[in-house]
Amino acid sequence: MEPEAEALVVNKSRTLYSPIEPYSTGNLEVSDVHTLYFEQSGKPDGHPVVFLHGGPGGGTSPNNRRFFDPEFYRIILFDQRGAGKSTPHACLEENTTWDLVNDIEKLREHLKIPEWQVFGGSWGSTLALAYSQSHPDKVTGLVLRGIFLLRKKEIDWFYEGGAAAIYPDAWEEFRDLIPENERGSLVDAYHKRLNSDDMETQYAAARAWTKWEMATAYLLPNNDNIQKAEDDKFSLAFARIENHYFVNKGFFPSDSYLLDNVDKIRHIKTTIVQGRYDVCCPMMSAWDLHKAWPEADLKIVDDAGHSANEPGIAAELVAANEKMKALMG
């Protein structure tokens, strides 16, 4: 083992790896309704890592491959039900947290992978926690970013007026789509419109919902990110699926479910990366997780918001994967 350990190359600069293309892509039928797109890149016989995207409904992008050393990792990306290249697009039928947890297992078995590292940010951190608590024996390590535990206080903060204290300008556009008499619960009011029989009503609600999140995702507003809201295909899946999960409280049996089940994963090597000025998933959730799970390594990035693509957060994510490499190499 020693020669291999000595040969391990560490990315000390903590920069994203160069863009790469997948060496294989495929589609996996996971139910009578849903078929998932998946891809593999990096080293075919490397240590497997599965990337869990955010939203839910956000889908993957080529940039997601760049957090991982392609000379060490077998990098698996997939689009969750209704998102990205998975079909049917923006579909809410048979689309719950526990369906997605089962899908991750189906994909692992399909790829004949005994166990793997799990990497997820934002909603991806929620799903990573739910999956690892359900299948702790299949997880070699966890890298989590922008912690989201899908508790009522987190939904209320972002969608019912809390974050408006920081972004009142962007908030007005989100709020004003809804008539005053329906503003008692904006999540419910948007749910009605995102499930309207009229597609234009759906698209208008999806654009406003998506723009609010994209406008608040970076420490410094990122216009390219905000423009994503104008892509009706992307925003429809993003808004409909997110809202569906939030109306249903993440399909968790209790508000503190993920915190209450930390004991099941306490032994798993874990790094938590959190932007101090994350408005979408404020640091209180990462802190609550840290208090419940002090064994996990918490990295607070003082000059960052929510996005994995912010320089400080990207650097810590790469560093976390390098640390995992050293543990497994």
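Because the structure is a prediction, the values reported are computed rather than measured. (Residues numbered from 1 in each chain as written. Predicted model: local features only at pLDDT ≥ 70, side-chain atom pairs only at ≥ 80, totals over all residues. Heavy atoms only, no water.)

Enquirer: It is not clear to me how the packing of helix α7 (residues 199–215) against helix α9 (residues 232–247) should be interpreted in this structure. Could you clarify?
Expert: When two helices pack together, their arrangement is given by the angle between the helix axes and the distance between those axes. Contact pair α7 / α9: the axes reach a minimum separation of 8 Å and the direction vectors enclose 80°. Overall, the two elements α7 and α9 adopt an arrangement that is roughly perpendicular. Residues M199, Q202, Y203, A206, R207, W209, T210, E213 and M214 of α7 touch α9, and the partners they reach there are D232, F234, S235, L236, F238, A239, R240, E242, N243 and F246. Taken together, the residues of the contact of α7 with α9 sort by class into 10 nonpolar, 4 polar and 5 charged. (Axes fitted to C-alpha atoms, helices over the stretch in contact; angles between N-to-C directions. Helix = DSSP H or I, 4+ residues; strand = E, 2+ residues; numbered from the N terminus. Parallel < 35°, antiparallel > 145°, perpendicular 65-115°, else oblique. Contact = heavy atoms within 4.5 Å. Nonpolar A, V, L, I, M, F, W, Y, C, P; charged D, E, K, R; others polar.)

Enquirer: Any chance you could explain the UniProt feature "domain: AB hydrolase-1" (unreviewed entry) in the chain here in plain terms?
Expert: Here, the residues flagged by UniProt with the feature "domain: AB hydrolase-1" (unreviewed entry) are residues 48–310. The span residues 48–310 carries 40% helix and 13% strand; its end-to-end C-alpha distance comes to 25 Å. (UniProt positions renumbered as here; feature names shortened; annotations may be inferred.)

Enquirer: Which parts of the structure should I look at to understand the packing of helix α6 (residues 186–194) against α7?
Expert: In contact at an axis separation of 8 Å, α6 and α7 are set at 140° when each is read in the N-to-C sense. Between α6 and α7, the crossing angle belongs to the class labelled oblique. Seen from α6, the contacting residues are Y190, R193 and L194; seen from α7, they are T201, Q202, A205, A206, A208 and W209. When the residues that make up the contact of α6 with α7 are grouped by side-chain class, the tally is 6 nonpolar, 2 polar and 1 charged.

Enquirer: Sorry if this is basic, but what is going on with the packing of aromatic side chains here?
Expert: Here the distance between the centres and the angle between the planes together describe a pair of aromatic rings. Summed over the entire model, instances satisfying the criterion amount to 25 aromatic pairs. Judged by centre distance (5.7 Å) and plane angle (75°), the ring pair of F68 and Y73 falls under edge-to-face. This pair shows no difference in class: F68 is buried, exactly as Y73 is. Consider the rings of W123 and Y245, whose centres lie 5.1 Å apart with planes at 70°: the pair is edge-to-face. With W123 in helix α3 (residues 123–134) and Y245 in helix α9, the pair connects residues that are 122 residues apart, well separated along the chain. Taken together through their ring pairs, the aromatic side chains of F148, F158, Y159, W171, F174, Y190, W209, W212 and F246 make up a single cluster. Here K85 stacks its cationic end above the ring of Y37, 4.6 Å away from the centre of that ring. (Phe/Tyr/Trp six-rings, centres within 6.5 Å; stacked < 30°, edge-to-face > 60°. Buried < 20%, exposed > 50% of the residue type's maximum accessible area, 1.4 Å probe, protein only. Lys NZ or Arg CZ within 6 Å of the ring centre and 35° of its normal.)

Enquirer: Whenever I open this one, the sheet that holds strand β7 (residues 270–275) confuses me. Can you help?
Expert: Sheet strands pair by backbone hydrogen bonding; their relative direction is either parallel or antiparallel. Ordered by their spatial adjacency, 8 strands build an open sheet running β1-β2-β4-β3-β5-β6-β7-β8, and the pairing between neighbours is mixed. Bordering the open sheet on either side are β1 (24–29) and β8 (297–301), each of which pairs with just one other strand. For this sheet, the mean angle separating the axes of adjacent strands, direction not counted, is 20°. As judged from the 6 bridges shared by β1 and strand β2 (residues 35–42), these two strands associate in the antiparallel manner. By the bridge assignment, E29 is partnered in β2 with T35. Set on the sheet, helix α12 (residues 311–328) makes contact with β3 (47–52), β4 (73–78), β5 (116–121), β6 (139–145), β7 and β8; between it and β6 the angle comes to about 170°. (Pairing = 2+ DSSP bridges.)

Enquirer: For this particular structure, what's the right way to read the pairing of β8?
Expert: Within a regular beta strand, the side chains point alternately toward one face of the sheet and then the other, so they alternate between its two faces. Looking at chain direction, β7 and β8 are connected through 5 bridges and run parallel. Residue pairing across strands places Q274 opposite I300, the latter belonging to β8. Traced from β7 through helix α11 (residues 283–292) to β8, the parallel crossover comes out right-handed. (Right-handed = clockwise from strand over helix to strand, strands pointing away.)

Enquirer: Looking at this structure, how should I read unusual backbone geometry?
Expert: In terms of backbone geometry, most residues other than glycine have negative phi values and most peptide bonds are trans. Following G55, the chain continues into P56 via a peptide bond in cis, with omega recorded as 0°. Structurally, P56 can be placed in the loop between β3 and β4. Residues T87 and P88 are joined by a peptide bond in cis, for which omega reads -5°. Looking at the secondary structure, you find P88 in the loop between β4 and α2 (97–110). We note that L150 has phi near 55°; this positive angle belongs to a residue other than glycine.

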